[in-house]
Every structure is written in C-alpha cells, then in structure tokens.
Amino acid sequence: MAICPNSLQIDDFNGNIVYSGPWKSFTNQDYGFNGTRHVAAEPGLSANFKFNGSCLFVNGIVGANGSFPMPSTTFVLDGHFTQMNQSVANGDRFPGTQFNSSVFYIAVTMTEGEHELIITNLDGDSTRPLVLDSFIITPFEANPATSPGRHPLSRFA
C-alpha cells in the first residue's frame, strides 16, 4: 500500500510556489521533474508553497555542483517548525554525481484544509546550493455538492 495514494506531482514552476529573493530558475534540463529546477545559492532565500492536501513530499536535487549533502534547511508547515535538515560535513564531494528526486521533506498526517509550507535555505551558497525540483501532494477528495470550485492547487486569497 502506498503512503500517499492518488498523489499529484507539482513542478517547481507552479504558480502556487512563491520564491523570495534571487532564486535561479532553470528549464530544459536533462534531469529533474519536467526538466526544471529552482536554485537558492544565497543564505536566507525561501520558497512558500500553498496547497490543499493530506500528504506532502518535497523533492530536490543533491549533488549539484558536485557537492553533498544539501545545505541546512528549515521547513515550517502551517506556522509550526517541523524539520531542519543539517549538513553533516561541509564540502564532502561526489564529483559528477547528482541524485535526482531526493526527498527533502515528508508530511503525511495533515488535516483537511489549506496548508502552507515555508522552506528556508540557511547556509547554502554557490558551492552547495539548495535545489528544489518538485512537490508531491495527495489532494483531498472534494465533494462537488459541498465544495464547489475546490481544487488542491486553487490560489489563496
């Protein structure tokens, strides 16, 4: 049985993701979901993702620029600090290796309703950037009689 059945994969260029600061965006790449990615090469940059769903995975790419692991990163879900990924050793190298669709974050027990995830790059830079690739959500089963117009990626007011 799948952890999050009937999930949707959402590209990092989706309009429900708002990037703060000078993120670098790439298209037509040979790797990553839909050949795209967003790169935070400065500390303090963040991405804000709003969605309706009960399950969430954040996928990224590690090994970009030959560095590993991902930089220190925080994940705040619905205003609550939920996770911090910390580098274990700055500068560990795996030349020429990239790990596509690495899972950076998982939340599997969210209640029905609108959710907001804020991802913040704490110490990634041009030698060890934070690279976001896609989000996977399990949308709530909307009842058309009670929830007209609801969609897991409807824009928030």
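Definitions and limits used
- Residues numbered from 1 in each chain as written.
- Predicted model: local features only at pLDDT ≥ 70, side-chain atom pairs only at ≥ 80, totals over all residues.
- Heavy atoms only, no water.
- Helix = DSSP H or I, 4+ residues; strand = E, 2+ residues; numbered from the N terminus.
- Buried < 20%, exposed > 50% of the residue type's maximum accessible area, 1.4 Å probe, protein only.
- Contact = heavy atoms within 4.5 Å.
- Phe/Tyr/Trp six-rings, centres within 6.5 Å; stacked < 30°, edge-to-face > 60°.
- Lys NZ or Arg CZ within 6 Å of the ring centre and 35° of its normal.
- Pairing = 2+ DSSP bridges.
- Axes fitted to C-alpha atoms, helices over the stretch in contact; angles between N-to-C directions.
- pLDDT = per-residue confidence, 0-100.
- Core = buried A, V, L, I, M, F, W, Y, C linked by side-chain atoms within 4.5 Å.

Turning our attention to the overall build of the chain. Per the secondary structure count, the chain includes zero helices and 11 strands. Listing every helix and strand of the chain by position from the N terminus yields β-β-β-β-β-β-β-β-β-β-β. Split into buried and exposed, the 157 residues of the chain put 45% on the buried side. The long-range fraction of contacts in the chain, counting pairs at least 24 apart against all pairs at least 6 apart in sequence, stands at 80%.

Our focus in this paragraph is the packing of aromatic side chains. The description of two aromatic rings rests on the distance between their centres and on the angle between their planes. Evaluated as defined, the whole model comprises four aromatic pairs. For the pair F75 and Y105, a centre-to-centre distance of 4.8 Å together with 10° between the ring planes defines the contact as stacked. Note that F75 is positioned in strand β7 (residues 73–77) and Y105 in strand β9 (residues 99–107), a separation of 30 residues in sequence. Look at Y105 and you get buried, because its relative accessible area is 3%. An aromatic cluster of at least three residues, connected via ring pairs, comprises F49, F51 and F135. Sitting over the face of the ring of F26, R37 holds its NZ or CZ atom 4.4 Å from the ring centroid.

Glancing now at the sheet that holds β7. Strand pairs in the sheet, formed through backbone hydrogen bonds, run parallel or antiparallel to each other. The sheet built from five strands is open, its strands ordered β2-β5-β10-β7-β8 with antiparallel pairing. Both edges of this open sheet fall to β2 (17–20) and β8 (80–85), since each of them pairs with a single strand only. On average, each strand axis in the sheet is inclined to that of its neighbour by 15°, with strand direction left out of account. In the sheet, β7 pairs with β8 via five bridges, with the strands oriented antiparallel. Looking at the pairing, L77 lines up with H80 of β8.

Backbone geometry places N6, a non-glycine residue, at a positive phi of 60°. Positionally, N6 belongs in the segment before β1 (8–11). We classify N6 as exposed; its relative accessible area is 62%.

Mean pLDDT over the chain: 80, with 73% of residues reaching 70 or higher. When mean pLDDT is compared element by element in the chain, β2 scores highest at 98, while β9 scores lowest at 81. Every residue in residues 142–151 is under pLDDT 50, and counting partners more than four places away or in other chains gives four contacts.

Before going further, it helps to spend a moment on the nonpolar core. Formed by 25 residues in total, the largest nonpolar core has its most connected members in L56 and V58. Secondary structure elements with two or more residues in this core: β2, β5 (46–52), β6 (55–62), β7, β9, β10 (114–121) and β11 (130–138). Counting residues per element, this core draws most heavily on β11, which supplies four residues. Apart from the residues within four sequence positions on either side, L56 is in contact with F49, F51, Y105, I106, A107, M110, L117, F135, I136 and I137.

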